[in-house]
Structures are given as C-alpha cells and as structure tokens.
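The residues making up each chain are set out below.
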Amino acid sequence: MGMTKKTWLWLFWLLGSVALGLYLLAALLGKGDEAVLMPGPLSDGHHQLVEACDACHVDRFGDGEVLQQACVDCHGEVRRKPLDSHPAAKFKDPRNADRLEKINALACVTCHTEHRPEITHKNGLTQPRDICFHCHADVAEERPSHQGMAFDTCANSGCHNYHDNRALYTNFLIKHLDEPEVLAPATLPPREFATVLAELADYPRDRFPVQPLTRDAMDAPADHRGDEKLQRDWLETAHARAGVNCSACHLVPVAEDQAPQWQDHPGMAGCSQCHDLEVARFQQGKHGMRLKSGLPALQPQQARLPMRPDAGHASLTCNSCHGAHRYDVASAAVESCLACHADEHSLAYKDSPHYALWQQEQADELPPGSGVSCASCHMPRIDFDVSEWMSRTMVEHNQSAVQSPNSKMIRPACNHCHGLGFSLDALADTALIERNFAGKPTQHVESMALAKADKERRDKERGGDDAGMFGF
Ligand code: HEC
Ligand code: HEC
Ligand code: HEC
Ligand code: HEC
Ligand code: HEC
Ligand code: HEC
Ligand code: HEC
Ligand code: HEC
Ligand code: HEC
Ligand code: HEC
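Below: a short report on this structure. Treat the numbers as computed from the prediction; the structure is a model and nothing was measured. (Residues numbered from 1 in each chain as written. Chains lettered and ligands numbered in written order. Predicted model: local features only at pLDDT ≥ 70, side-chain atom pairs only at ≥ 80, totals over all residues. Heavy atoms only, no water.)

### Thoughts on the coordination of the iron atom of ligand 4
Taken together, the protein donors to the iron atom of ligand 4 comprise His112 (NE2) and His163 (NE2), at separations of 2.0 Å. With 6 donor atoms in place around the iron atom of ligand 4 and angles of 87 to 178° between them, the coordination shape is octahedral. Of this pair, His112 sits in the loop between helix 4 (97-102) and helix 5 (133-136) while His163 sits in the loop between helix 6 (139-142) and helix 7 (170-175); the two residues are 51 residues apart in sequence, bridging distant segments of the chain. Its relative accessible area of 32% is what places His112 among the partly exposed residues. Under the relative-accessibility criterion, His163 is labelled partly exposed at 21%. (Donors = N, O, S within 2.8 Å, 3.2 Å for Na, K, Ca; no water. Tetrahedral: all angles 85-135°; square planar, octahedral: opposite > 155°, others 65-115°. Helix = DSSP H or I, 4+ residues; strand = E, 2+ residues; numbered from the N terminus. Buried < 20%, exposed > 50% of the residue type's maximum accessible area, 1.4 Å probe, protein only.)

Have a look at this one:
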C-alpha cells in the first residue's frame, strides 16, 4: 500500500512539529539559550535572572496566578502594612471592590509586566505615571491644597510613592517640621552584634564558646594553616577574639547528606551558622539575588551599571567586601565598593564633605558613627525584629532595600544627621546625587509647607469647634 501525497505532507508536518517541540523543550530545560525565547529583555531589577526563567514562570510558562505567587515569594515581605500603603489586603476589602473594576491592583503584573522596555519606567513601572487618577480622581475635593495639581506629579520625589510612604505621610512631616539642616549630634547608632550575642538563642556557643583564642588553639589541619599573615589577621581581629576557630568556617558539609570536610575556599554556608540574617538579606538584593535563585554569583561584567573594567570577573560573595581573614568593616564600607563601582555618583564620593567626615572618624578625630561611608546610606544600620520579642540594630545587607524610591533612605540614614526638609530637598536633586552630595540642594519640595498649612487649618478648625462648643 503506497502513501498518498496528503499522508506524506501529514507525516512531514508531524515530524516538524516534534522537532520544534524538542528544540523548545531543550532550550527551556537547558541553561544558557533561554533568552532567545523571551519576547523582549528583562527590566533592570530582574536582568540577572535571565538564566532563571522559572524564577517567575514557575509552571514553565504557567498562567498569571502562578507568576503572582513568584512575585509575592520574593517581594511579599514588604508588600504589607505599614511598609506598603496599597497592600493587597486593602483591595480585598469589599468597600474598595469598585476600584478594582478600573484597574486590577491585586495583580502585580497590572503595573509591572516584563520584557517590555518600551513601556518600562524607573522602578519597573509599566503603567503611565498618572495611574493614581484611577482611584484618587477627587483628591482635590478632599484636600484643597491639591487643587490644580496634575496626576503625573503625585509620585514626584518628596511627594508620594505608591508603595512605601513611611517618610512621607502627613503626620510624619508634621512631627519633623522646622528641623535644622544638620542635627546635633549627627551620628549613626552603634552596631551591636557583639553586645547582643549572649541573647541570640541560635548562636552555636556550645561548639565555639565566646572567649579569646590564642595561636595554640588553632584547630586547622597541619597542612592547611596558611602563612604567618593569615594567622595574624585572624588572631588580631573579631573572630579569634570571640572564639571563632578555623573550623567554624572551613569545616562545612559539601552536600546536605555528607559529613563536614575541610575546604580551603568555603562559601557562605559557614557564615550562616552565626550570621544567618546577613546571609538572608544579602540574597534579597541585587548583589546576592542570583545565589538565591541557584545561579552562580554575580560578576561585575554582567552589570548594567558602569563598573571598573578590572573588576570584570570578581564574584560577588561575602569576601568581596570582607576579605578573609581580617573581616574588616571599614574598608568594606568604601574601598571595597570602589573596587567595582565606577558610575559618576560613586566616583564623586571622595570629593564630598561626607567623605571628609568619614576620614576624620577613621583618624579618631570624630566620635564613632560621625562619618558617612557608602554603606551609611546604602547598607544602613537598621532596627530589625530578630524574633517576636527581640529587635536589634543590624547592618542591612540588602543594598537594594533603601535604593528606590530614594525616600526609603531618609529614615534609616539621613534622619540620624539631617532634618527631614533638608533630606527631601537633597534627594529630589538628581544633579546633587550625581555629585554625591557635594553642595547644597537646589530643589525645594513643597510637602513640608503643605503639611504645615494642613496642620494650621486643622488646628483652626478644631479651635473653631471648641469655640462653638463652649461659646454659647
Ligand atoms: C522577573 C520575572 C520574569 C522572568 C525572570 C522571566 N519572565 Fe517572561 N514574563 C514575565 C511576565 C510578568 C510576563 C507577562 C505575563 C503577563 O502579562 O501575564 C512574561 C511573559 C513572557 C512570555 C509571553 C507569554 C505570553 O503569555 O504572552 C514569554 C514567551 C516569556 N515571558 C519568556 C521568558 C523566558 C524565555 C524567560 C527566561 C529567559 C523569562 N520569560 C523570564 C516575567 C518574567
Ligand atoms: C527570584 C526573586 C524575584 C522574583 C521571582 C521577582 N522579583 Fe522583582 N526583584 C527582585 C530583586 C532582587 C530585585 C532588585 C532589588 C529591588 O529592587 O528590590 C527586584 C526588582 C523588582 C522591581 C524594581 C525594578 C527596578 O527597575 O528597580 C519591581 C517593580 C519588581 N521587582 C516586581 C516584581 C514582579 C511584579 C514580579 C513577578 C512577576 C517579580 N518582581 C518577581 C527579586 C525578584
Ligand atoms: C487601585 C486604586 C488605587 C490606585 C491606582 C492608587 N491608589 Fe492610593 N489609595 C487607594 C486606596 C483605596 C487608599 C486608602 C484611602 C482611601 O480610601 O482613599 C489609598 C491611599 C493612598 C494614600 C494615603 C496613604 C495611607 O497610608 O493611608 C496615598 C498617599 C496614596 N494613596 C497615593 C497614591 C499614589 C501616589 C498613587 C499613584 C502612584 C495611588 N495612590 C494610586 C487606592 C489607589
Ligand atoms: C496599581 C499599580 C501597582 C501594583 C498593582 C503594584 N505596584 Fe509596585 N509599583 C507601582 C508604582 C507606581 C511604583 C513606582 C515607585 C513607587 O511609587 O513606589 C512601584 C514600584 C515597585 C517596586 C520598586 C520600588 C520599591 O518600592 O521597592 C517594587 C519592587 C514593586 N513595585 C513590586 C510590586 C509587587 C511585588 C507587586 C505585587 C504584590 C506590586 N508592586 C504591585 C505600582 C504598582
Ligand atoms: C570567619 C571565617 C573564617 C575563619 C574563622 C577562618 N577562615 Fe580561612 N578562609 C575563609 C574564607 C572565606 C576563605 C576563602 C577566601 C577566598 O576564597 O579568597 C579562607 C581561606 C583560607 C585558606 C586558603 C587561602 C590561601 O591563602 O591559600 C587557608 C589555608 C585558610 N583559610 C586557613 C585558615 C586557618 C588556619 C584559620 C584559623 C587560624 C582560618 N582559615 C580561619 C574563612 C575563614
Ligand atoms: C561560629 C560563629 C561565626 C562564624 C561561623 C562566622 N562568624 Fe563572623 N562573627 C562572629 C562573632 C561572634 C562576631 C562578633 C565579634 C565581636 O565583634 O566581638 C563576628 C563578627 C563578624 C564581622 C564584623 C567584624 C568587626 O570587626 O566588627 C564580620 C564582617 C563577620 N563576622 C563576617 C563573617 C563572615 C563573612 C563569615 C563567613 C566566612 C563569618 N563571619 C563566620 C561569629 C562568627
Ligand atoms: C565585586 C563587585 C562589587 C562590590 C564589591 C560592590 N558592588 Fe554594588 N553592585 C555590583 C554589581 C555587579 C551590581 C549590579 C548592577 C546591575 O545589575 O546593573 C551592584 C549593584 C549595586 C547597587 C544598585 C542596587 C539597586 O537596587 O539598584 C548599589 C546601590 C550598590 N551596588 C552599592 C554598593 C556598595 C555601597 C558597595 C560597598 C559597600 C558595593 N556596592 C560593593 C558590584 C559590586
Ligand atoms: C557590598 C559589601 C558587603 C558584602 C558583599 C557583605 N558585607 Fe558584611 N558588612 C559590610 C559593611 C560595609 C559592614 C559594616 C557597616 C557598618 O559599619 O555600618 C558589614 C558588616 C558586617 C557584619 C557586622 C554586623 C554587625 O551588626 O555588627 C557582619 C557579621 C557581616 N557584615 C557579615 C557578612 C556576611 C556573612 C556576608 C555574606 C553573606 C557579608 N557580610 C557580605 C559590607 C558587606
Ligand atoms: C549620602 C548618601 C549616599 C552616599 C554616601 C553614597 N550614596 Fe550611592 N546613592 C545615594 C542615592 C540617594 C542614590 C540614588 C537612588 C535613586 O534615586 O535611585 C544613590 C545611587 C547609587 C547607585 C546606583 C546608581 C544608578 O545609576 O542607578 C550606586 C551604584 C551607588 N549609589 C553606589 C555608591 C557608592 C559605591 C558609594 C560610595 C563610594 C555611594 N553610593 C555613596 C546615596 C548615597
Ligand atoms: C552620620 C551623619 C550623616 C548622615 C547619615 C548623612 N549626612 Fe549629610 N552631612 C552630614 C554632616 C555633618 C554634614 C555637614 C558637613 C560639612 O558641612 O562639612 C553633611 C552635609 C550634607 C550635605 C551638604 C554638603 C555641602 O557641600 O554643603 C548634603 C546635601 C547632605 N549632607 C545630604 C545627605 C543626605 C541626602 C543623606 C541621606 C541619604 C545624608 N546626607 C546622610 C552628616 C550626615
């Protein structure tokens, strides 16, 4: 029985489809070439995930609901009150259901889709900037001060953010009215890991009792003891003083089901026994996000921001800033950053008054905490709830957490040293940011004045009410 032309065509089509399917499957499962399947490049926030399509497409191109869960898994922690002014919970409230008919604020992708550079604005917004109009069309009636303002100005620097308004809400502004440019004293809160150590329940003090170690106590195998400098670096610094022996970092399991083995170049697994918060936060920001998705560490050559050409292949790990074995925190805060970053703002830092303060602090000419390093702003010392009953000051190792919108820097950084009005003005001045804050702000944000007028109006109304009540 011979085959008809139609059958041939049919077979041909079938084979073709199978081949195409296999190609697509291989591209999806294999690493490296997935990018060709993207409808367009990823946004600045996510470009590092180009080898991990499944970070968002959980179900290998599942539907929107699956994507939503991926967004929430990585970002959910901060999308709640009081960190977020428009959390999902607000729109699940039946009283706000009518607003969802205009725009579905429950789905992240409504306002942040991917692969569409032509409609992607700063901070990954893929809606027009006057999006606030949908739900706040009558704001001018409720707030006479907002009469005549255009909706694309709501989210200008120093006014409002969609998500994080912690440094911008009216009562906060009122609380900080009329503050001077520079507060006294102008210092950061001290770091306190060493002082709260005794209260940290998970600290492995049974294996590494907190007591100074001598050279004789060194527990590394004889052929892995390094040179004189290595041993001196360890002996003279925080770890040996606090009982952290060689094995604490070096004797770690290679795989989950294996017994610990000495490694000459250990990764973060050792650190996380004692610094789990730093490790976890590091992986939430742009420096560590690849590790969280199971990808190799970020290299400066993959960056979209300008980097020093000689930094190209350095992998971003804890060691990038804290070289073993001194674990220095001062060089970590400035010099390490400048070994990679080479944009105008970073390069301008050393000409700023902030750097002069930093040098004076390092020379003991100013009290601890008076200097302003890159880390003072980008990795601020924050109060973090370690557990339900304990909060401690820690260094924010997610350097993206206070990055954008930049008003997030005000409370954990600027406000230790500057008044709110001055901080708002400085952060609204993009040219000043580019010069790394060498000079006074040339922008002026109206928020403080509006809040003041609002307060005076309310005081007067209240005064009027009182008079009405008692003035008969
Ligand atoms: C940061 C999250 C994220 C990553 C990573 C990501 N995508 Fe997407 N992708 C999205 C979003 C969001 C959409 C739009 C979905 C929507 O609008 O419902 C999308 C849409 C798509 C679409 C169009 C699907 C459709 O329904 O039209 C394709 C194809 C796609 N992505 C491929 C890829 C590939 C291939 C990779 C990896 C190289 C990748 N994506 C990585 C978030 C991501
Ligand atoms: C694997 C974790 C991960 C997933 C999944 C993920 N993100 Fe992100 N996203 C990040 C990190 C890390 C950053 C960069 C740091 C930052 O801005 O917080 C970021 C940045 C962003 C930004 C700011 C972009 C910019 O240009 O500054 C937006 C908006 C955003 N993500 C929304 C989403 C949405 C919507 C989804 C779901 C489609 C999603 N993310 C999925 C980790 C993730
Ligand atoms: C999908 C609807 C929706 C959109 C879009 C929207 N909002 Fe809102 N917003 C609300 C609701 C609901 C509230 C709660 C107060 C109310 O009922 O007016 C609110 C409250 C606020 C508040 C008061 C904050 C607080 O903590 O109580 C500010 C400020 C605000 N929005 C600013 C904005 C800005 C700026 C935009 C645009 C970038 C925007 N909103 C877009 C629905 C929306
Ligand atoms: C109705 C629109 C809207 C929805 C829905 C929305 N966002 Fe946003 N988002 C914005 C706007 C506007 C900005 C720009 C900066 C700002 O005002 O905070 C932004 C900025 C961001 C940023 C960068 C700045 C920051 O605050 O970290 C991230 C990350 C982000 N959104 C994540 C999410 C995630 C995750 C979801 C879903 C849980 C989501 N957004 C839902 C409007 C929205
Ligand atoms: C706080 C963690 C930590 C402690 C404690 C520590 N190390 Fe290390 N050590 C590291 C890390 C991380 C590296 C890898 C550095 C790299 O890859 O560049 C390393 C590298 C080494 C190397 C190989 C690097 C080289 O120069 O050849 C030797 C040998 C070594 N350590 C010995 C020791 C000895 C001996 C001690 C105790 C006196 C010790 N370490 C204590 C974290 C530690
Ligand atoms: C067995 C617990 C333990 C391990 C493992 C450990 N550390 Fe530490 N680390 C400590 C203690 C305790 C201190 C505080 C010492 C002090 O200031 O008295 C400390 C302090 C530090 C400091 C601050 C130093 C200073 O001068 O203030 C840095 C940075 C640091 N560790 C980084 C790391 C890194 C990176 C790793 C992994 C390579 C690591 N540590 C592994 C216990 C540990
Ligand atoms: C080993 C190189 C390296 C070191 C060291 C380093 N960075 Fe980065 N940094 C990067 C790379 C690469 C990126 C990602 C840029 C991109 O995605 O385009 C980045 C991103 C950033 C961002 C942007 C965050 C965002 O969400 O947009 C900031 C801010 C930053 N680094 C500050 C610092 C500071 C402050 C230090 C020192 C305390 C530092 N970096 C040390 C390589 C480095
Ligand atoms: C981008 C640079 C950078 C990277 C990467 C980095 N750190 Fe740090 N780390 C710093 C700076 C800067 C300080 C000190 C900040 C200060 O004094 O306010 C610090 C402080 C610390 C401290 C002392 C905290 C305290 O509260 O006293 C520990 C512990 C620490 N880092 C651990 C780690 C671990 C573990 C990793 C890897 C997951 C890591 N660091 C990665 C820059 C970095
Ligand atoms: C006084 C606070 C302050 C100091 C000090 C500071 N920065 Fe910044 N940095 C900012 C602000 C504010 C922005 C802008 C954030 C925004 O609006 O997106 C920024 C932006 C950045 C960016 C992102 C640039 C871009 O084009 O997106 C990098 C990278 C960065 N800083 C690194 C550094 C490094 C490295 C140092 C030290 C050499 C440093 N910064 C010192 C406040 C500071
Ligand atoms: C640890 C304290 C401290 C922190 C944190 C700090 N500053 Fe400053 N800053 C100062 C002091 C003190 C001066 C005055 C220096 C002088 O006059 O020599 C100053 C000066 C300035 C100037 C004026 C520079 C000039 O040339 O006159 C600007 C602008 C500025 N800071 C902005 C900021 C912003 C924005 C932030 C937060 C992102 C910030 N600073 C964080 C202490 C700090």
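### Brief notes about the site of ligand 5
For ligand 5, the set of nearby residues contains 20 residues, the closest of which are Cys246, Cys249, His250, His265 and His325. A distance of 2.8 Å separates a nitrogen atom of ligand 5 from a polar side-chain atom of His250. Sorting elements by how many residues they give to the shell around ligand 5 places helix 11 (residues 246-250) first, with 3 residues. Looking at the shell around ligand 5 residue by residue, the class counts come to 10 nonpolar, 8 polar and 2 charged. (Near = heavy atom within 4 Å. Polar contact = N/O pair within 3.5 Å; in protein donor to acceptor, adjacent residues only side chain to side chain. Nonpolar A, V, L, I, M, F, W, Y, C, P; charged D, E, K, R; others polar.)

### Section: the coordination of the iron atom of ligand 8
Distances from the iron atom of ligand 8 to its protein donors, His322 (NE2) and His397 (NE2), fall within 2.0 to 2.1 Å. With relative accessibility at 19%, the residue His322 sits in the buried group.

### Examining the site of ligand 6
In the vicinity of ligand 6 there are 20 residues, among which Arg191, His239, Cys271, Cys274 and His275 approach most closely. Note that a nitrogen atom of ligand 6 is positioned 2.8 Å from one of the side-chain N or O atoms of His239. Mapped by element, the contributors of at least two residues to the shell around ligand 6 are helix 8 (193-196), helix 10 (238-241), helix 11 and helix 12 (268-272). Considered class by class, the residues forming the shell around ligand 6 number 14 nonpolar, 5 polar and 1 charged.

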